[in-house]
Amino acid sequence: MSALIRVAFWQPEIPGNTGNAIRLTACTPSELHLIEPLGFSFEDKQLRRAGLDYHDLANVFTHPDADTAFAALQPARIIAFSRNATTSYADITYAPGDVLLFGRESDGLSPEVLAHPAIDERVRLPMLPARRSLNLSNCAAVAIFEAWRQLDFATP
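For every chain, the first residue of the written sequence is number 1, and numbering continues from 1 onward in sequence order. Two thresholds apply to this predicted model, a pLDDT of at least 70 for residue-level local features and 80 or more for giving and counting side-chain atom pairs, whereas whole-chain, interface and lining totals are computed over all residues. As a rule here, side-chain values come from all non-hydrogen atoms in the structure, and water together with hydrogens is ignored.

Undergrad: Explain the packing of aromatic side chains to me, please; I cannot follow it from the model alone.
TA: Note on aromatic contacts: the rings of Phe and Tyr and the six-membered ring of Trp form a pair at centre separations within 6.5 Å, being stacked when their planes are under 30 degrees apart, edge-to-face when over 60 apart, and tilted otherwise. If you walk through the whole model with that rule in mind, you get 4 aromatic pairs. Seen from their ring centres, Phe-9 and Phe-102 are 6.1 Å apart, and the 90° between their planes marks the pair as edge-to-face. A residue pair is termed long-range when its members are at least 10 positions apart, and Phe-9 in strand E1 (residues 5-10) and Phe-102 in strand E6 (residues 99-102) qualify at 93 residues. Only protein chains enter the accessibility calculation, which uses a 1.4 Å probe. A residue is then buried if its area is under 20% of the maximum for its type, exposed if over 50%, and partly exposed in between. Accessibility expressed as a relative area gives 4% for Phe-102, which makes it buried. Under the DSSP-based scheme used, a helix requires at least four consecutive residues in state H or I and a strand at least two consecutive residues in state E, with every element numbered from the N terminus.

Undergrad: Help me understand the pattern of salt bridges in this model?
TA: Opposite charge on two side chains permits them to pair, given that their charged atoms come into close proximity. Salt bridges, as used here, are contacts in which a Lys or Arg side-chain nitrogen is within 4 Å of a carboxyl oxygen on Asp or Glu. In the structure shown here, the tally under the stated rule is 5 salt bridges. A salt bridge links Asp-98 to Arg-77, with the nearest nitrogen and oxygen atoms 2.6 Å apart. Residue Asp-98 is located in the loop between strand E5 (87-88) and E6, and its partner Arg-77 is located in the loop between helix H3 (66-73) and strand E4 (78-81); the two are separated by 21 residues in the primary sequence. Bridged by salt links that share partners, the residues Glu-13, Arg-104 and Asp-107 form one connected network.

Undergrad: Looking at this model, I keep getting lost on the UniProt feature "binding site: S-adenosyl-L-methionine" (unreviewed entry) in the protein chain. Mind explaining?
TA: UniProt positions are given in the numbering used here, feature names are shortened, and annotations may be inferred rather than shown by experiment. Taking the numbering used here, the UniProt-annotated feature "binding site: S-adenosyl-L-methionine" (unreviewed entry) corresponds to Gly-103, Leu-125 and Ser-133. For this annotated set, covering 31 residues, all C-alpha atoms fall within 13.2 Å of each other, a compact arrangement in space. The annotated residues contributing to the lining of the largest pocket are Gly-103, Leu-125 and Ser-133. Take Leu-125: it is sitting in the loop between strand E7 (119-124) and helix H5 (136-150). Sequence-distant contacts of Leu-125, that is, excluding residues within four places in its chain, are made with Phe-81, Tyr-89, Leu-134, Cys-139 and Val-142. Among the structural elements, Ser-133 can be located in the loop between E7 and H5. Cavities and pockets are found on a 1 Å grid laid over the protein atoms alone: a cavity is a set of points where a 1.4 Å probe fits but cannot escape, a pocket is an open set with protein on both sides within 12 Å along at least five of seven lines, and a lining residue has an atom within 4 Å of such a point. A contact between two residues is defined here by any heavy atoms of the two lying within 4.5 Å.

Take a look at the structure:
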């Protein structure tokens, strides 16, 4: 395991969010796993611009589907972030190698993915009532830094 924290985006749609996550994972002890289909190509200008010059410093992996991704990421614990979860992301204890799984920008994780037997925890980021969602890369940043804080900001 080369990263303390692993982040997975299931079918991300907006290139700028993934670019921001590439930059985020390059600056933290984390890696990014993208589960296809992607709503953009790696040649997308928004993806490149958001990631700045960090693309070569980040560890980014793509997987053709959730089953393949989850098999590659095992035996790590997979923590799914969902607005429908009842447990707060701050109420769990993170461990090295945990996978933080986030869904599409438009509708989050599908019920099938949330019910997948590889998912160990379902958590949510709190937000004000009557709000639909937070930005995907912002959610990943909040979660990575909470996990890293709990790990005493260790480096691999």
